[in-house]
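Each chain, written out:
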Amino acid sequence: MTVNLSLLTNGSYRSILFEDGLNVVKGATDYKNTVITVTAKDKLNIKLASGGGWVARFEKIQ
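Residues numbered from 1 in each chain as written. Predicted model: local features only at pLDDT ≥ 70, side-chain atom pairs only at ≥ 80, totals over all residues. Heavy atoms only, no water.

1. Observations regarding the pattern of salt bridges
Argument step 1. In the structure shown here, the tally under the stated rule is 2 salt bridges.
Argument step 2. We note a salt bridge from Arg14 to Glu59, for which the minimum N-O separation is 3.1 Å. Of this pair, Arg14 sits in strand β2 (residues 13-20) while Glu59 is found in strand β5 (residues 54-60), placing the two residues 45 residues apart along the sequence.
Argument step 3. Owing to a relative accessible area of 38%, Arg14 belongs among the partly exposed residues under this scheme.
Argument step 4. By relative accessible area, which is 24% here, Glu59 ends up partly exposed.
Argument step 5. For Arg57, the salt bridge goes to Glu59, with nearest N and O atoms at 3.3 Å.
Argument step 6. Residue Arg57 is classed as exposed on the basis of its relative accessible area, which comes to 53%.
Argument step 7. Shared partners join several salt bridges into a network, and the residues in it are Arg14, Arg57 and Glu59. (Salt bridge = Lys/Arg side-chain N within 4 Å of Asp/Glu carboxyl O. Helix = DSSP H or I, 4+ residues; strand = E, 2+ residues; numbered from the N terminus. Buried < 20%, exposed > 50% of the residue type's maximum accessible area, 1.4 Å probe, protein only.)

2. Brief notes about the sheet that holds β2
Argument step 1. The 3 strands are arranged β3-β2-β5 in an open sheet whose pairing can be described as antiparallel. Taken across any chain shown, the strands that pair with only one partner, and hence form the sheet edges, are β3 (31-38) and β5. This sheet shows a mean twist of 15° between the axes of neighbouring strands, independent of strand direction.
Argument step 2. In this sheet, β5 lies alongside β2 in antiparallel orientation, the contact comprising 7 bridges. Each bridged residue has a counterpart across the sheet, and for Glu19 the counterpart in β5 is Trp54. (Pairing = 2+ DSSP bridges. Axes fitted to C-alpha atoms, helices over the stretch in contact; angles between N-to-C directions.)

Taken by themselves, the reported measurements are silent on function.
Structure, rendered in structure tokens:
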């Protein structure tokens, strides 16, 4: 799945991502936490496991 970030306003954002971990098929509580910097021009590629999930939080960088 690809998420287009064009909904963000101009500027840079700190994005905190919670994604399915490598062993999610063995245990639903396996996840990884990643922090990246994004802009409205970026797109995020998301891989979801069956029954998995994904969360992102965006904080504008001053």
